[in-house]
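The chain contents come next:
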Amino acid sequence: MKRLALTLATALLALAACAPKPAPPKTLTFSIVSTEATQTQMQEWGPFLKDMETATGLTVKPFFGSNYSALVEAMRFKQSDLGWFTNQSGLEAVRRAGGEVFARTTHPHGQDGYQGVIIVKQGSGITLDKLLKCGQTMDFGMGDAKSTSGTLAPNTYLFGPKGIDPVKCFKTVRSASAEANLYSVANGVLPAATDNTRSMDRLAAINTEQSKKALAALQVIWTSPTIPEDPMVWRADLDPAVKKKVADFIFSYGVGDTDEAKRQRAILERIQTGAFKHADNTHLLPVREMEATGEVVQAKAKGDAAALSTAQAKLEQVKTEMAAHPAS
């Protein structure tokens, strides 16, 4: 019986070794946070995704998530294969959804990186001091819960150090995209909200009467330190052959001085980036530092010695990693 069992086991192993490997997928799903109507989003992203199809030989389908959490969950349940994330949502995708940073965006013109801001309507008389008096008399717009510039940055650099909980400070706190917050303030729906300089740059680039009017109606009363550009994340378990096709496309797109490269750069500008750069999970170290700094601030405000010790140890660990991997 033992000999028979050993023979069967050997045969099964041989069959497993000979079994054909699963074929690489023929379709890629690319996730994009939906900041506008899907039709408008397709006009902006369509040419880029079509070029990706041509270069990779794969069918590329967009997945428009209503918020960044939807993008993380889509990757977690393998409903998407890769996509453009914010730093904080990209960190969540790595932690919870088997994601892996493989590239990052760049600014099409000027300084690499961007800032979170708080905006009010021009002439409203709302200053930062008035905003931070709290009293629950003012409605306030925050970003998506996974937004780096719209939520994490103001909590880390502004509200947290002052011991302010926005929910207790303001009459209401509404969570929305940067674009929604921008127009809500410009149109007088909200007296103040978070936003970011990339969103405002995009509004200027649109250059319509509506966008120019909205931009002219805004005033920035607070600006965060510089935030790294956004990460591109794919599933770590994506087929290596597919990863290579995607990487070959991403890192050659819009590079060079040919007419084709110029055409591609014009497409990239429509989605607010320059040529992509190589990156890995160390790109997320600055946002991990922001996260840990916020936890230190919160622990101090609560007088929680145990939580403070844990948060400080976490912050020191991140700083050690950052020293070992200086930004490129």
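A short tour of the structure in this document, coming up. Because the structure is a prediction, the values reported are computed rather than measured.

## A short note on the pattern of salt bridges
Working step 1: Taken as a whole and judged by the stated rule, the model has 21 salt bridges.
Working step 2: In this structure, the salt-bridge partner of Lys146 is Glu92, at a minimum N-O distance of 3.6 Å. One end of the pair, Lys146, is in the loop between β6 (139-142) and α6 (148-159); the other, Glu92, is in helix α4 (residues 87-96), and 54 residues separate them in sequence.
Working step 3: With a relative accessible area of 22%, Lys146 lands in the partly exposed category.
Working step 4: With a relative accessible area of 14%, Glu92 lands in the buried category.
Working step 5: The closest approach of N and O atoms between Arg235 and Asp237, which form a salt bridge, is 2.9 Å.
Working step 6: One connected set of salt bridges, linked through shared partners, spans Glu73, Arg76, Glu92, Arg96 and Lys146.

## Quick look at the packing of α4 against helix α13 (residues 285-302)
Working step 1: Close contact between α4 and α13 brings their axes to 9 Å; oriented N to C, the two are set at 95°. Compared by their axis directions, α4 and α13 come out roughly perpendicular. Of α13, the residues touching α4 (which contributes Asn87, Gln88, Leu91 and Arg95) are Val287, Arg288 and Glu291.
Working step 2: The residue makeup of the contact of α4 with α13, split by class, is 2 nonpolar, 2 polar and 3 charged.

## Topic: the side chain of Gln264
Working step 1: When you line up the elements, Gln264 lands in helix α12 (residues 259-270).
Working step 2: If sequence neighbours within four positions are ignored, Gln264 has contacts with Asp51, Ser252, Tyr253 and Gly254.

## What to know about the sheet that holds strand β5 (residues 114-121)
Working step 1: With respect to topology, 5 strands assemble into an open sheet ordered β7-β6-β8-β5-β9, the strand pairing being mixed. Since the sheet does not close on itself, it has two edges, and those belong to β7 (172-175) and β9 (218-227), each with one partner. The mean angle between the axes of side-by-side strands here comes to 20°, regardless of whether they run parallel or antiparallel.
Working step 2: Relative to strand β8 (residues 192-196), β5 runs antiparallel, the two being bridged by 5 bridges. Looking across to β8, one finds that Gly116 is bridged to Asn196.
Working step 3: Across the sheet, α6 touches β5, β6, β8 and β9, and the angle it forms with β9 is around 85°.

## Comments concerning α13
Working step 1: The end-to-end C-alpha distance of α13 is 26 Å, a good match for the 26 Å that 18 residues give at a rise of 1.5 Å each.
Working step 2: Residues of α13 that are buried: Leu285, Val287, Met290, Glu291, Ala292, Gly294, Val296, Val297 and Ala299.
Working step 3: Those residues of α13 that are buried are in contact with α4, α6 and α14 (305-324).
Working step 4: Phi turns positive, to about 70°, at Gly303, one or two residues after α13.

Definitions and limits used
Residues numbered from 1 in each chain as written. Predicted model: local features only at pLDDT ≥ 70, side-chain atom pairs only at ≥ 80, totals over all residues. Heavy atoms only, no water. Salt bridge = Lys/Arg side-chain N within 4 Å of Asp/Glu carboxyl O. Helix = DSSP H or I, 4+ residues; strand = E, 2+ residues; numbered from the N terminus. Buried < 20%, exposed > 50% of the residue type's maximum accessible area, 1.4 Å probe, protein only. Axes fitted to C-alpha atoms, helices over the stretch in contact; angles between N-to-C directions. Parallel < 35°, antiparallel > 145°, perpendicular 65-115°, else oblique. Contact = heavy atoms within 4.5 Å. Nonpolar A, V, L, I, M, F, W, Y, C, P; charged D, E, K, R; others polar. Pairing = 2+ DSSP bridges. Expected span 1.5 Å × (residues − 1).

The values reported here are purely geometric and, on their own, carry no functional implication.
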